[in-house]
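Below are the chains, spelled out letter by letter.
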Amino acid sequence: MISQLNPGGVEAKAEALLCAGFVDVVNVDDVHVVVDCRSTTSDTTHRVRCDPNGWTCSCTAGTHHRRCSHLAAAQRITAPPGQRRLRPTTENT
Ligand SMILES: [Zn+2]
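Residues numbered from 1 in each chain as written. Predicted model: local features only at pLDDT ≥ 70, side-chain atom pairs only at ≥ 80, totals over all residues.

Asks: Would you mind showing me how to read the pairing of strand 1 (residues 23-28) here?
Replies: It is a general feature of regular strands that their side chains alternate between the two faces of the sheet. In this sheet, strand 2 (residues 33-38) lies alongside strand 1 in antiparallel orientation, the contact comprising five bridges. Counted as the bridge partner of Val 25 is Val 35 from strand 2. The turn linking strand 1 back onto strand 2 is made up of four residues. (Pairing = 2+ DSSP bridges. Helix = DSSP H or I, 4+ residues; strand = E, 2+ residues; numbered from the N terminus.)

Asks: Would you mind going over the sheet that holds strand 3 (residues 45-51) with me for this structure?
Replies: Adjacent strands of a sheet pair through backbone hydrogen bonds, lying either parallel or antiparallel. Ordered in space as 1-2-3-4, the four strands form an open sheet in which the pairing is antiparallel. Here the strands that pair on one side only, and so sit at the sheet edges, are strand 1 and strand 4 (54-57). Between one strand axis and the next, the sheet turns by 15° as a mean value, whatever way the strands run. Contacts from helix 3 (residues 69-77) reach strand 1, strand 2, strand 3 and strand 4 within the one sheet, and its direction differs from that of strand 2 by about 130°. (Axes fitted to C-alpha atoms, helices over the stretch in contact; angles between N-to-C directions. Contact = placed C-beta atoms within 7 Å.)

Asks: Whenever I open this one, the environment of Trp 55 confuses me. Can you help?
Replies: Position of Trp 55 among the secondary structure elements: in strand 4. Expressed as a C-alpha distance, the spacing of Trp 55 and Arg 67, which sit 12 residues apart in the sequence, is 8.8 Å. Contact partners of Trp 55, with chain neighbours within four places excluded, come to Val 48, Cys 50 and Leu 71.

On their own, these measurements won't tell you what the molecule is for.
Structure, rendered in structure tokens:
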């Protein structure tokens, strides 16, 4: 099972998605993260979510609890509640 994982490949794809501007943060609140990620190979948009149960993605790999490139991309630009180093603020800096 572990031999099927390819972290380098997932991370490289995640970088490509981010560089292409294919990743949009839809919503971040105290308990959720919602990120939309366009596919590089089709017109599909995959939705990555983080809730108290963990991260999920709507793509085939994500629904089988594998760490897909969409999820990896979302994790690079967002942090789940409780792991955020900075508190969101409404004040201008
Ligand atoms: Zn996915």
